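# Architecture at a glance
Residues per chain, in single letters:
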Amino acid sequence: MNWNEYVDHVKTTDPEAYTLLDEAKAEATIISAMIEQRNALGLSQRELAAMCEIPQSSVARIESCKTTPKLDTILKIFKQLGLSITVSPVRTAK
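Residues numbered from 1 in each chain as written. Predicted model: local features only at pLDDT ≥ 70, side-chain atom pairs only at ≥ 80, totals over all residues. Heavy atoms only, no water.

## A few points about the packing of aromatic side chains
To keep it simple, the criterion reads: To pair, rings of Phe, Tyr and Trp, with the six-membered ring standing in for Trp, must have centres within 6.5 Å; the planes then decide the type, stacked if under 30 degrees apart, edge-to-face if over 60, and tilted in the middle. Where helices and strands are cited, they refer to DSSP runs of H or I of at least four residues and of E of at least two residues respectively, numbered from the N terminus.
Counted under the stated rule, the structure contains one aromatic pair. On the basis of an interplanar angle of 40 degrees and a centroid distance of 5.6 Å, the ring pair of W3 and Y6 is categorised as tilted. In this pair, W3 and Y6 are both assigned in helix 1 (residues 3–13), three residues apart and thus about one turn of the helix distant.

## Structural notes on the pattern of salt bridges
Where we set the bar: We define a salt bridge as a side-chain nitrogen of Lys or Arg found within 4 Å of a carboxyl oxygen belonging to Asp or Glu. Whether a residue is buried, partly exposed or exposed follows from its accessible area with a 1.4 Å probe, protein chains only, as a fraction of its type maximum: under 20%, in between, or over 50%, in that order.
According to the stated counting rule, one finds one salt bridge in the structure shown. R38 is the partner of E63 in a salt bridge, and the nearest nitrogen-oxygen pair spans 2.7 Å. One end of the pair, E63, is in helix 4 (residues 56–63); the other, R38, is in helix 2 (residues 15–40), and 25 residues separate them in sequence. As far as the burial class goes, E63 and R38 line up, both buried.

## Some thoughts on the confidence of the model for the protein chain
As a reminder, the rule being used: Confidence scores per residue from the predictor, reported as pLDDT, run from 0 to 100.
Averaged over all residues, the pLDDT of the protein chain is 92; the fraction at 70 or higher stands at 98%. When mean pLDDT is taken per element in the protein chain, helix 3 (residues 45–52) scores highest with 98 and helix 1 scores lowest with 88.

## With respect to the nonpolar core
Selection rule: Here, nonpolar core means buried Ala, Val, Leu, Ile, Met, Phe, Trp, Tyr and Cys residues that are tied together by side-chain atoms lying within 4.5 Å of each other. Only heavy atoms matter for contacts: two residues are in contact if any of them lie within 4.5 Å across the pair.
M34, L48, I54, V59, I77 and L81 are the most contacted members of the largest nonpolar core, which totals 13 residues. Residue assignment for this core shows that the elements contributing at least two residues are helix 2, helix 3, helix 4 and helix 5 (71–81). Those residues in contact with M34 that sit more than four places away from it in its chain are V59, I62, E63, I77, F78, L81 and L83.

## Details of helix 4
Put simply, the rule reads: Working note: the arc is built from the helix axis to C-beta atom directions.
Among the residues of helix 4, those classed as buried are S58, V59, I62 and E63. Each buried residue of helix 4 lies within a common arc of 130 degrees when the element is viewed along its axis, so the set occupies one face. The secondary structure elements touched by the buried residues of helix 4 are helix 2, helix 3 and helix 5. Remark: C65 follows helix 4 within two positions and exhibits a positive phi of approximately 60 degrees.

This is the structure in structure tokens:
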């Protein structure tokens, strides 16, 4: 069974677990974008933290998914990285 088959299986057998998987995927997408852009700009965690006026350890914990940051922290980081977040309606399968 590959990953997509597993996700489909979970979706049909355990909707609550599927919701958790979906939320984890969304969070990972946001964090991955943050890391990729920081690296593309040649910034260290320490430099990004200084630009955002937050501790370097906070950036490290966010990037390692050891903490879920508040929205204002994500927005502060994304602004310094030249990124934005777009909100759109959820598409549901019918």
